[in-house]
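Residue-level structure breakdown
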Amino acid sequence: MMTNVNVHSDFAQHGEGDAHHPHQHEYKQSHLLGFALLLTGGFAAVEALAGWYSGSLALISDAGHMLTDSVALALAYFAQKMAARPASARLSFGYTRVEVVAAFVNGLTMAAIVLWIMGKAIWRLWHPAPVDGETVTWVATVGLLINLGVAYLLHCDQTSMNTRAALVHVMGDLLGSVAAIVAGIVIATTGWMPIDPLLSIFVALLIVRSTWRVLKESTWHLMDAVPHGLDYTKIGERLRSLKGIASVHDLHVWDMSPNQPTLMAHVILEADVQWPKLLDQARAMLHEQFGIEHITLQPEWQQCSVGTTHKVH
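Residues numbered from 1 in each chain as written. Predicted model: local features only at pLDDT ≥ 70, side-chain atom pairs only at ≥ 80, totals over all residues. Heavy atoms only, no water.

Structural notes on the overall build of the protein
Broken down by element type, the protein carries nine helices and three strands. Each helix and strand of the protein, ordered N terminal to C terminal, gives the series α-α-α-α-α-α-α-α-β-β-α-β. Per-residue burial for the protein yields a buried fraction of 48% across its 313 residues. In the form shown here, the protein has an accessible surface area of approximately 15900 Å², with 65% of it arising from carbon and sulfur atoms. (Helix = DSSP H or I, 4+ residues; strand = E, 2+ residues; numbered from the N terminus. Buried < 20%, exposed > 50% of the residue type's maximum accessible area, 1.4 Å probe, protein only. Areas by Shrake-Rupley, 256 points an atom, 1.4 Å probe, with all protein chains shown as cover.)

Overview of the nonpolar core
Of all hydrophobic cores here, the largest spans 32 residues; its most connected members are Leu59, Leu73, Val150 and Leu154. Broken down by secondary-structure element, the contributors of at least two residues to this core are α1 (30-54), α2 (57-83), α4 (133-155), α5 (161-190) and α6 (195-206). In this structure, Ile235, Leu242, Leu251 and Leu297 belong to the second largest nonpolar core, which totals 23 residues. (Core = buried A, V, L, I, M, F, W, Y, C linked by side-chain atoms within 4.5 Å.)

Quick word on the packing of helix α3 (residues 97-126) against α6
Running from amino to carboxyl end, α3 crosses α6 at an angle of 155 degrees, the nearest separation of the two axes being 8 Å. The pairing of α3 with α6 is recorded here as roughly antiparallel in orientation. As α3 runs across α6, the sense of the crossing is left-handed. Residues Val114, Ile117, Met118, Ala121, Ile122, Arg124 and Leu125 of α3 touch α6, and the partners they reach there are Asp196, Pro197, Leu198, Ser200, Ile201, Ala204 and Leu205. (Axes fitted to C-alpha atoms, helices over the stretch in contact; angles between N-to-C directions. Parallel < 35°, antiparallel > 145°, perpendicular 65-115°, else oblique. Left-handed = near helix turned anticlockwise from the far one by under 90°. Contact = heavy atoms within 4.5 Å.)

A short note on the environment of Ser247
If you trace the backbone, Ser247 turns up in strand β1 (residues 245-255). Remark: the alpha-carbon pair of Ser247 and Glu237, spanning 10 residues in sequence, is separated by 9.2 Å.

With respect to the sheet that holds strand β2 (residues 261-269)
Read across the open sheet, the three strands follow the order β1-β2-β3; overall the sheet is mixed. One side of each edge strand has no neighbouring strand; the edge strands of this open sheet are β1 and β3 (294-301). Shown here is a sheet whose adjacent strand axes are inclined to one another by a mean of 15 degrees, direction ignored. Pairing between β2 and β3: eight bridges, direction parallel. Along β3, the bridge assignment pairs Ile268 with Glu300. (Pairing = 2+ DSSP bridges.)

Some remarks on the side chain of Asn147
The residue Asn147 is located in helix α4 in this model. With a relative accessible area of 0%, Asn147 lands in the buried category. Sequence-distant contacts of Asn147, that is, excluding residues within four places in its chain, are made with Met66, Asp69, Val170, Asp173, Leu174 and Ser177.

Let's talk about the packing of aromatic side chains
Under the counting rule described, the total for this entry stands at zero aromatic pairs. Residue placement shows Lys120 over the ring face of Trp123; its charged tip is 5.5 Å from the ring centre. (Phe/Tyr/Trp six-rings, centres within 6.5 Å; stacked < 30°, edge-to-face > 60°. Lys NZ or Arg CZ within 6 Å of the ring centre and 35° of its normal.)

Here we look at a nonpolar patch on the surface
On the surface, a cluster of nonpolar side chains totalling about 550 Å² of accessible area is made up of Ile122, Leu125, Trp126, Trp192 and Leu198. Looking at the nonpolar patch, the element that brings in the most residues is α3, giving three residues. Checked against the element boundaries, Leu198 lands in helix α6. Using a relative accessible area of 37% as the deciding quantity, one classes Leu198 as partly exposed. (Patch = residues over 30% accessible without salt bridge, like charges linked within 9 Å, V, L, I, M, F, W, Y side chains within 5 Å. Salt bridge = Lys/Arg side-chain N within 4 Å of Asp/Glu carboxyl O.)

The structure is reproduced here in structure tokens:
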């Protein structure tokens, strides 16, 4: 039976088993978020006033969307700035997880807004209120144009999970603007008031899927789960198949931050193995076959082991 000795490093620094790159991200297009934030926040106030004046729930809902969009964009902008900060003595992995937490908060916020809109719309179906269709149509049209511009800006920067989460908000807002335009036209031409809450419910249902996707992805990262697209068992088997490695245990694969897969493992080496050469082979294989760049491998020789080793199957 093979045995092992656990050796722990005193400092959280890059050793010879790492890929030698910083933990922090640098987002070169963060200015796009700032510009999108100004556009969205400014028009949210205008639309909220127009919705109150016209009495349109669809317009008020759209203004609520744009307000949450502003919060989402602000969180995304803040998260990108924080993620670019270097690691410290207290935060050895840096601030990359800020991005994931902000995306999770954005998803929760959007879920709350969806529930609020649906509840308000159902109440409005039973308690109809007059709506100024012409005002709704014109304001929603301007909102649609602004949302199209903001969506384009965010689409230009898809390197950040948090930007993608903010884009979900904006896409929901795009649908809200379209619904408000349709509601305004129908009310102005026919006077049929139920179209306003009905379209609000329709838009809320359309964005449930996107909201769930953001929550699911961010939760997956927060749980340090194996990144999607990577086969944990296959990674262990490929490491074990390298000549000179007797077994692999304590294998962990996760995303340090979105699109930054990280691996840590203990490897039991056969006798007379040249570790530096084998380490280079292992790192090259993991990078080429699985796209893993941040790698920490702890070598343990068979003759030095004292505990039970578990192979990766």
